[in-house]
Amino acid sequence: ANSISRPKGYRVSWHYNPAVENHHFGQTHPMKPWRLTLTKSLVLSYGMHTAMDTYIPRAATKEELAEFHKDSYVDFLSVATPQNIYEMYPELAAGPTGYSSAIFGVGDDCPIFDGLFAFCATYTGASIDAARKLCNKQSDIAINWSGGLHHAKKAEASGFCYVNDIVLAILQLLRHHPRVLYIDIDVHHGDGVEQAFWSTDRVMCVSFHKYDREVFFPGTGPLESTGPIHPDNPGKNYTINVPLNDGIDDEGYAYLFQNVVEPTIKTFNPTAIVLQCGADSLGHDRLGCFNLNIRGHGNCVSFVKSFGLPMLVVGGGGYTPRNVARAWAHETSILIGADKTLNPDLPEFMPHREAFRREGFTLFPNLSAWKKDNMNTRADVEKIIRHVREQLAYIRG
Ligand code: TV1
Ligand code: CA
Ligand code: ZN
């Protein structure tokens, strides 16, 4: 492979334990480890690893998980197997599809599969390791594409997420950083992270997502949801939600993203930023409904990077594996400052190259030619920007 030189003036680290590739949610489940294998393949084949410090982090310990999660939930995750789950919890053996989600949120979205705990501890270990490298200033930008599982709650699995690696990484950052900004561009609402930091003014959460309370998971995150209502609660106004309709395109998203994120950074003045890059906001995603191209998604990463603050970058959703890999490889190149030099034609010799045949062997297929019209009007977008500016006025000074 050709090699790319290290960025000048800042350090980027890549935190990845290939053990995460060994997990399987189930044959028909949309969450595929394959997307991580393909991402790694692109990053290595482009030679991008030569521009970063690469770490294979150890799995997180139960004690580390318990910094956020309830002990009994961590214990449950550490012992549950597909073999013993019905014995342990007979009440789970209900319904035609498997089990009810009465116990710690397990069910169809969050099945108990072999190696579940090792999987959770592995992706979380990478996010905590990345946060530590930022804290001790060994890295300026730290990347964990296997993390970003934003729905997990203190004692509940939700939406394919069991352990909230983002919350645990932010808790690590808060040991050294007075203020952390969390930005979430996954097509789903970042409800688990929002809930964890709902009542603090040290973490500001900003999520962009499809919002339809009735039909789109998780159904939370309207514009008006900005933190606790009580006037004495420090978390009041420290949550920003950007609810969107189907089909938003690169141009509309960039306009909105920049006009929300820039004033938020200027007002909140974070000392570190965590960016969740869920790739289910791309066009052609199996579960998503937006129209973003790889470049449109990547523009968010470029924009956040341009503020020059310590940055933790994590993955998240993304259900058309080859496009997830394209997006996260492109975003890796942005973070190391190599996006202008990378050949948009995929490397001629690389593992799993065939996976990219359908759209042609390019990093930038056209993903906007899709079934979704843009249902976000100019007026919708301007209303959101106005609302955010009014909200930020409360936290100035
Ligand atoms: C098993 C097999 C589970 C096939 C789940 C899509 C499946 C989904 C499956 C699915 C599916 C959801 C709900 C269900 C409301 C619940 C990583 C009645 C074809 C961060 C999580 C989405 C997104 C959960 C996670 C959602 C993330 N959509 N096929 N499940 N209950 N759950 O709607 O934000 O990307 O779809
Ligand atoms: Ca989101
Ligand atoms: Zn998602």
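On inspection of all chains with the given rule, the structure shows 18 salt bridges. Of the charged contacts in the structure, one is a salt bridge between Glu67 and Arg175, with a shortest N-O distance of 3.7 Å. With a gap of 108 residues between them, Glu67 in the loop between helix H2 (62-65) and helix H3 (71-79) and Arg175 in the loop between helix H6 (165-174) and strand S4 (180-184) connect regions that are remote in the sequence. The same class applies to Glu67 as to Arg175, namely exposed. Note that Glu382 and Arg378 form a salt bridge whose closest N and O atoms lie 3.7 Å from each other. In this pair, Glu382 and Arg378 both sit in helix H11 (residues 378-395), 4 residues apart, roughly one turn of the helix. On the accessibility criterion, Glu382 (27% relative accessible area) is partly exposed. A relative accessible area of 56% means that Arg378 is categorised as exposed. Through salt bridges with shared partners, a single network forms among Arg6, Arg11 and Asp53.

Here the focus is the coordination of the zinc ion (ligand 3). For the zinc ion (ligand 3), the full set of protein donor atoms is Asp186 (OD), His188 (ND1) and Asp280 (OD), and the range of their distances to it is 1.9 to 2.0 Å. Motif for the zinc ion (ligand 3), donor spacing along one chain: D-x1-H-x91-D. With Asp186 in the loop between S4 and helix H7 (191-196) and Asp280 in the loop between strand S7 (272-276) and helix H9 (294-305), this residue pair connects regions lying 94 residues apart in the sequence. The burial state of Asp186 is the same as that of Asp280; both residues are buried.

Glancing now at the coordination of the calcium ion (ligand 2). Taken together, Asp184 (O), Asp184 (OD), Asp186 (O), His188 (O), Ser207 (OG) and Phe208 (O) make up the full set of protein donors to the calcium ion (ligand 2), lying 2.5 to 3.1 Å away. Considering all 6 donor atoms around the calcium ion (ligand 2), angles at the metal cover 69 to 167° and the coordination shape is irregular. In primary-sequence terms, the residues that donate to the calcium ion (ligand 2) follow D-x1-D-x1-H-x18-S-F. Across the pair, His188 and Asp186 agree in class, each one buried.

Within this structure, the stated rule accounts for 18 aromatic pairs. Their ring planes at 5° and their centres at 5.2 Å tell us that Trp145 and Trp328 sit as a pair that is stacked. Taken together, the positions of Trp145 in the loop between strand S3 (141-144) and H6 and Trp328 in helix H10 (residues 321-335) put the pair 183 residues apart, joining distant regions of the chain. Of the two residues, Trp145 and Trp328, neither departs from the other in class, the shared state being buried. With a centroid separation of 5.2 Å and 35° between ring planes, the pair formed by Phe208 and Phe257 is classed as tilted. Of this pair, Phe208 sits in strand S5 (residues 203-210) while Phe257 is found in helix H8 (residues 250-268), placing the two residues 49 residues apart along the sequence. In this structure Phe208 comes out as buried when scored by relative accessible area, which is 0%. By relative accessible area, which is 1% here, Phe257 ends up buried. Within the aromatic cluster, the residues linked to one another by ring pairs are Phe208, Tyr253, Phe257, Phe290, Phe303 and Phe307. Positioned above the aromatic ring of Tyr55 is the side chain of Lys133, whose terminal nitrogen or guanidinium carbon lies 4.5 Å from the ring centre.

The rules we used
- Residues numbered from 1 in each chain as written.
- Chains lettered and ligands numbered in written order.
- Predicted model: local features only at pLDDT ≥ 70, side-chain atom pairs only at ≥ 80, totals over all residues.
- Heavy atoms only, no water.
- Salt bridge = Lys/Arg side-chain N within 4 Å of Asp/Glu carboxyl O.
- Helix = DSSP H or I, 4+ residues; strand = E, 2+ residues; numbered from the N terminus.
- Buried < 20%, exposed > 50% of the residue type's maximum accessible area, 1.4 Å probe, protein only.
- Donors = N, O, S within 2.8 Å, 3.2 Å for Na, K, Ca; no water.
- Tetrahedral: all angles 85-135°; square planar, octahedral: opposite > 155°, others 65-115°.
- Phe/Tyr/Trp six-rings, centres within 6.5 Å; stacked < 30°, edge-to-face > 60°.
- Lys NZ or Arg CZ within 6 Å of the ring centre and 35° of its normal.

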